[in-house]
Amino acid sequence: VRTKNGRATGVAPVDGREFTAKDGIIGALHPHLLGKMVDGLDPAVVHDAEATQISEVGCFTIQAALNEPLKFHVGDHVKAVMIELLPNSYDALRKSFDNIRYGNFTDPPLIGLGSLTMHDPSRTPPGKATMQVWDYVPYKRADGVDWDTGKKAYAERMLAHMGKYISNVGPDNIIAYHSDSPVDM
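About the thresholds
Every residue gets a number counted from 1 within its own chain, in the order that chain's sequence is written. Predicted model: local features are reported for residues with pLDDT of at least 70 only, side-chain atom pairs are reported and counted for 80 or more only, and whole-chain, interface and lining totals are derived from all residues. Working from all heavy atoms in the structure, the side-chain values ignore hydrogens and water. Patch members must show over 30% relative accessible area and no salt bridge, and they are joined within 9 Å when carrying like charges or within 5 Å when they are nonpolar side chains of Val, Leu, Ile, Met, Phe, Trp or Tyr. We get accessible surface area from the Shrake-Rupley algorithm with a probe of 1.4 Å; when it comes to residues, only the shown protein chains can shield them. Whenever a carboxyl oxygen of Asp or Glu lies within 4 Å of a side-chain nitrogen of Lys or Arg, that contact is scored as a salt bridge. Helix and strand labels come from DSSP, where a helix needs a run of H or I of at least four residues and a strand needs a run of E of at least two; each type is numbered from the N terminus. With a 1.4 Å probe rolled over the protein chains alone, any residue whose accessible area is under 20% of its type maximum counts as buried; one over 50% counts as exposed, and the rest are partly exposed. Buried residues of nine kinds, namely Ala, Val, Leu, Ile, Met, Phe, Trp, Tyr and Cys, make up a nonpolar core once their side-chain atoms join them within 4.5 Å. Throughout, a contact is declared for two residues whenever any of their heavy atoms are within 4.5 Å. Two rings belonging to Phe, Tyr or Trp (six-membered ring only in the last case) form a pair when the distance between their centres is within 6.5 Å. Interplanar angles under 30 degrees mark stacking, angles over 60 mark edge-to-face geometry, and anything in between is tilted. The criterion is that NZ of a Lys, or CZ of an Arg, lies within 6 Å of the ring centre and within 35 degrees of the ring normal, and then a charge sits over that ring.

Participant: Got a minute to help me understand a nonpolar patch on the surface in this structure?
Facilitator: Residues Leu29, Leu33 and Met37 make up a contiguous nonpolar surface patch of about 220 Å² in total accessible area. Residue position: Met37 is located in helix H1 (residues 34-37). According to the relative accessible area criterion, Met37 is partly exposed, its value standing at 36%.

Structure follows, in structure tokens:
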């Protein structure tokens, strides 16, 4: 990141190109690398960035191709870009996050999902749909199971939980899916 008079003015990637900015620079820099990538930072800022503790919480995702759009038990009016299947009490939500702080799974799963084909059916053949699902998970599992071994079981756990809210998330509707654990991302 190029700086001048205490302001970021551009970037210079390793390939030798340079880009200047009129109003600002937006970047996704790892905090531990901030001092190496931005010249002229206050040493206290660099120290604090290097001391940042990286979260041990990751994300587990499922990308699925469906034979038909999702059918929610509550009716056809569910048409949001992002849908969250969360506990209906703040206390239960906090307890789920407490579980994950100690390497355990959220209970219940804190499912977020999207089905962009609800809004743009041209993304699939006629009548078909897609589904993107995510849940918060520990990077390192407290049960000692590595993610490569436990990935399929965790995806099935998520889909089973979703069945409480959606009638067609079983094998009859899921043509195929791909899942990623935190170690895959």
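Participant: For this particular structure, what's the right way to read the pattern of salt bridges?
Facilitator: It is possible for side chains of opposite charge to pair when their charged atoms get near one another. Enumeration over the complete set of coordinates arrives at nine salt bridges. A salt bridge links Arg141 to Asp143, with the nearest nitrogen and oxygen atoms 2.8 Å apart. Relative accessible area serves as the criterion here: at 10%, Arg141 is assigned to the buried category. The exposure class of Asp143 is partly exposed, given its relative accessible area of 45%.

Participant: Which parts of the structure should I look at to understand the nonpolar core?
Facilitator: The nonpolar side chains of a soluble globular protein tend to be buried, and buried together. If you look at the biggest cluster of nonpolar residues, it comprises 24 residues, and the most contacted ones within it are Phe60, Ile62, Leu70, Leu113, Met131, Val133 and Met162. Listing elements by their share of this core, those giving two or more residues are strand E4 (57-66), strand E5 (83-85), strand E6 (111-114), strand E7 (129-138) and helix H4 (147-162). In terms of residues, this core owes the most to one element, H4, which gives six residues. Residues within four places of Met131 in sequence aside, it is in contact with Ile62, Gln63, Ala64, Leu66, Leu70, Gly114, Leu159, Met162, Val169 and Ile174.

Participant: Sorry, what's going on with the packing of aromatic side chains here?
Facilitator: All chains considered together, the criterion is met by six aromatic pairs. Consider the rings of Phe105 and Trp147, whose centres lie 6.0 Å apart with planes at 55°: the pair is tilted. In this pair, Phe105 sits in the loop between helix H3 (90-101) and E6 while Trp147 sits in helix H4, placing the two residues 42 residues apart along the sequence. Counting every residue linked through ring pairs, the aromatic cluster contains Phe60, Phe105, Trp147 and Tyr154. Sitting over the ring of Trp147, Arg141 keeps its end group 4.6 Å from the ring centre.

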